[in-house]
Amino acid sequence: MTGSAAAPVSCTLSAALRQELDTLAAAGLHRQHRILESPCGREIQVAGQKLINFASNDYLGLAAHPVLATALAEGAQRWGAGSGAAHLLSGHLTPHSELEAALADFTGFARALTFSSGYLANLAVTPTLAGRGAAVFADKLNHASLIDAMQLAKTQGAHVQRYPHADLATLERLLADSTAQRKLIVTDSIFSMDGDLAPLPALLALARTYDAFLIVDDAHGFGVLGPQGRGSLAHFALPADPRLILMGTLGKAAGVGGAFVAASAEVIETLICRARSYIFTTASPPAISCALLASLRLIEQGDALRQALFARIQQLRLGLQALTAASAWRLPASLSAIQPLIIGPNEACLQLANALMEKGFWVPAIRPPTVPQGSARLRISLSAAHTPADIDGLLAALQALAN
Ligand SMILES: *Cc1c(COP(=O)(O)O)cnc(C)c1O
């Protein structure tokens with residue numbers, strides 16, 4: 001509902017908000033959610049219309065997998081619906097503990113700790129490790145949750161500097177100039193709006209040279225990259241290092257919800273003792289952990305799913321390359337399931353997304369402030385569940401709209 005359609009408001013507080021909302025709408029920045037009338041999958045239903053879904057992060061097509069739904073249901077039968085308390089009170093049940101052991105084993109770290117969401121996991125790591133006298137070096141294109149974590153670290157006296165995207169030379173200069181006793185480098189692995197991969201081996205080399213922690217947010221790599229889907233660090237075959245801290249989300253490729261941090265025993269014990277977004281929140285329902293244990297097995301055995309996903313990525317990119325060669329649209333380099341098609345102006349991007357929806361394809365338009373001004377884009381996200389015909393259909397629709 002837009003401002004003009006709303007009933008007049010008498011409260012001055014509401015009236016002020018309505019005016020701000022109208023300003024957003026005038027700038028093409030008003031947002032609303034659409035209700036899915038089906039489970040998450042390659043085809044979904046919205047307002048009675050069937051759409052091919054290019055909007056989810058369900059990269060392996062596991063979100064509605066019957067094995068996971070069964071594990072969730074059986075977990076609830078066995079362990080009940082709720083955990084009843086925070087982890088450090090009585091909320092840490094056997095399934096939580098089993099999941100953490102499985103995640104540590106799967107990622108090759110000494111220990112892992114689970115969180116209710118990736119947002120909470122990111123709020124835990126940097127602010128807990130970076131107090132007064134610490135210096136944090138963060139990629140400019142990091143996810144919003146990492147940016148919020150930086151803000152929190154600042155309030156605790158940490159010195160925060162953001163380096164230009166993937167600019168190793170600038171980062172090295174900042175590290176060399178820093179006299180902080182503790183340094184942290186913070187980066188996405190796959191950047192969520194561009195789909196490109198951070199230079200993790202070079203970042204780890206810098207972390208070693210300057211004795212810094214390297215915090216890697218692998219929200220879009222976990223389950224997708226590396227042997228058995230072990231993630232971005234495994235993709236680069238990076239050796240174990242006590243400076244490495246891996247965050248992974250469990251609501252994307254893993255298809256359920258929640259997140260984890262995997263690291264040395266010292267880091268994990270520090271988070272348990274001091275991370276406020278771990279301590280002061282109710283533990284997730286234990287059945288979630290049961291579903292995630294089943295998901296980890298599907299991920300581990302999911303080579304065929306990953307092959308299908310990468311075949312669809314290649315198919316889409318080949319088609320888009322032909323399309324962008326003959327238009328003002330741009331296709332940045334991305335090897336991941338996130339394929340941004342940069343349109344430019346907000347309004348043109350929004351119109352394109354709406355036209356695609358009329359043709360039966362849901363591709364979200366991503367606009368500023370989520371991405372830089374003038375770089376509004378379609379964020380096409382692919383899944384192993386997509387068929388070659390789904391990709392061809394999207395390409396044909398874009399072709400028709402490009403002319
Ligand atoms: C989705 C995402 C998060 C947040 O994870 P949630 O589990 O959805 O809270 C954090 N970082 C990145 C890069 C993400 O894409």
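In this text, all values refer to a predicted model and were calculated from it rather than measured experimentally.

**Student:** Where do I start with the sheet that holds strand β1 (residues 43–46) in this structure?
**Tutor:** The strands that make up a sheet are held in pairs by hydrogen bonds between backbone atoms, and each pair lies either parallel or antiparallel. Ordered by their spatial adjacency, 3 strands build an open sheet running β1-β2-β11, and the pairing between neighbours is mixed. Strands at the two margins of the open sheet, each flanked by one partner only, are β1 and β11 (361–362). Across 4 bridges, the pairing between β1 and strand β2 (residues 49–53) is antiparallel. Looking at β2, one finds that Gln45 is bridged to Lys50.

**Student:** Honestly, the packing of aromatic side chains in this entry has me stumped. Any pointers?
**Tutor:** Two aromatic rings, taken as a pair, are described by how far apart their centres are and by the angle between their planes. Applying the stated criterion across every chain yields a total of 4 aromatic pairs. Between Phe54 and Phe361, the aromatic rings sit 6.4 Å apart at their centres with planes inclined by 35 degrees, giving tilted as the arrangement. Here the residue Phe54 occupies a position in the loop between β2 and α2 (66–79), and Phe361 occupies one in strand β11, the gap between them amounting to 307 residues. Each member of the pair, Phe54 together with Phe361, is buried. Both rings, one in Phe115 and one in Tyr278, keep their centres 5.4 Å apart while their planes meet at 70 degrees; by these two values the pair is edge-to-face. Taken together, the positions of Phe115 in strand β3 (residues 111–115) and Tyr278 in helix α11 (residues 276–279) put the pair 163 residues apart, joining distant regions of the chain. When sorted by exposure, Phe115 lands in the same class as Tyr278, which is buried. Members of the aromatic cluster, joined through ring pairs, are Phe106, Phe222 and Phe260. The ring of Trp79 carries Arg78 above its face, with NZ or CZ at 4.1 Å from the centroid.

**Student:** Would you mind showing me how to read empty space enclosed by the protein here?
**Tutor:** Empty space among the atoms can be located by rolling a probe the size of a water molecule over them. Scanning all chains against the criterion turns up 2 cavities of 30 Å³ or more. By volume, the largest cavity is sized at about 50 Å³. If you go around the largest cavity, the residues you meet are Cys40, Gly41, Arg42, Asn53, Ser56, Asp58, Gly61, Ser383 and Ala385. Residue classes in the lining of the largest cavity are distributed as 2 nonpolar, 5 polar and 2 charged. Empty space within the second largest cavity amounts to approximately 30 Å³. Lining of the second largest cavity is provided by His87, Thr114, Phe115, Ser116, Ser277, Tyr278, Thr281, Thr282 and Ala283. Contributing elements (two or more residues each) for the lining of the second largest cavity: β3 and α11.

**Student:** Would you mind going over the pattern of salt bridges with me for this structure?
**Tutor:** Oppositely charged side chains are able to pair whenever their charged atoms sit close together. Counted according to the given criterion, the structure contains 8 salt bridges. Put simply, Arg208, Asp211, Asp241 and Arg243 are held in one network by salt bridges that share partners.

**Student:** What is the right way to look at the side chain of Thr170 in this model?
**Tutor:** Mapped onto the elements, Thr170 comes out in helix α7 (residues 168–177). Relative accessible area serves as the criterion here: at 16%, Thr170 is assigned to the buried category.

**Student:** Explain the site of the ligand here, please?
**Tutor:** Close to the ligand lie 14 residues, the nearest being Gly118, Tyr119, Asp217, His220 and Lys252. Contacts to the ligand include Tyr119, whose backbone N or O atom sits 2.9 Å from an oxygen atom. With respect to the ligand, the side chain of Lys252 contributes an N or O atom lying 2.6 Å from an oxygen atom. Computed on the free molecule, the ligand has an accessible area of 380 Å², of which 81% lies beneath the protein chains in the complex. The dominant element in the shell around the ligand, judged by the number of residues it contributes, is helix α5 (residues 118–129), at 3 residues. Among the residues forming the shell around the ligand, the class breakdown is 2 nonpolar, 9 polar and 3 charged.

What counts, and at which threshold
Residues numbered from 1 in each chain as written. Predicted model: local features only at pLDDT ≥ 70, side-chain atom pairs only at ≥ 80, totals over all residues. Heavy atoms only, no water. Pairing = 2+ DSSP bridges. Helix = DSSP H or I, 4+ residues; strand = E, 2+ residues; numbered from the N terminus. Phe/Tyr/Trp six-rings, centres within 6.5 Å; stacked < 30°, edge-to-face > 60°. Buried < 20%, exposed > 50% of the residue type's maximum accessible area, 1.4 Å probe, protein only. Lys NZ or Arg CZ within 6 Å of the ring centre and 35° of its normal. 1 Å grid on protein atoms, 1.4 Å probe; cavity = no way out; pocket = protein on both sides within 12 Å on 5 of 7 lines; lining within 4 Å. Points joined across faces, edges and corners; volume = space filled by probe spheres on them. Nonpolar A, V, L, I, M, F, W, Y, C, P; charged D, E, K, R; others polar. Salt bridge = Lys/Arg side-chain N within 4 Å of Asp/Glu carboxyl O. Near = heavy atom within 4 Å. Polar contact = N/O pair within 3.5 Å; in protein donor to acceptor, adjacent residues only side chain to side chain. Areas by Shrake-Rupley, 256 points an atom, 1.4 Å probe, with all protein chains shown as cover.

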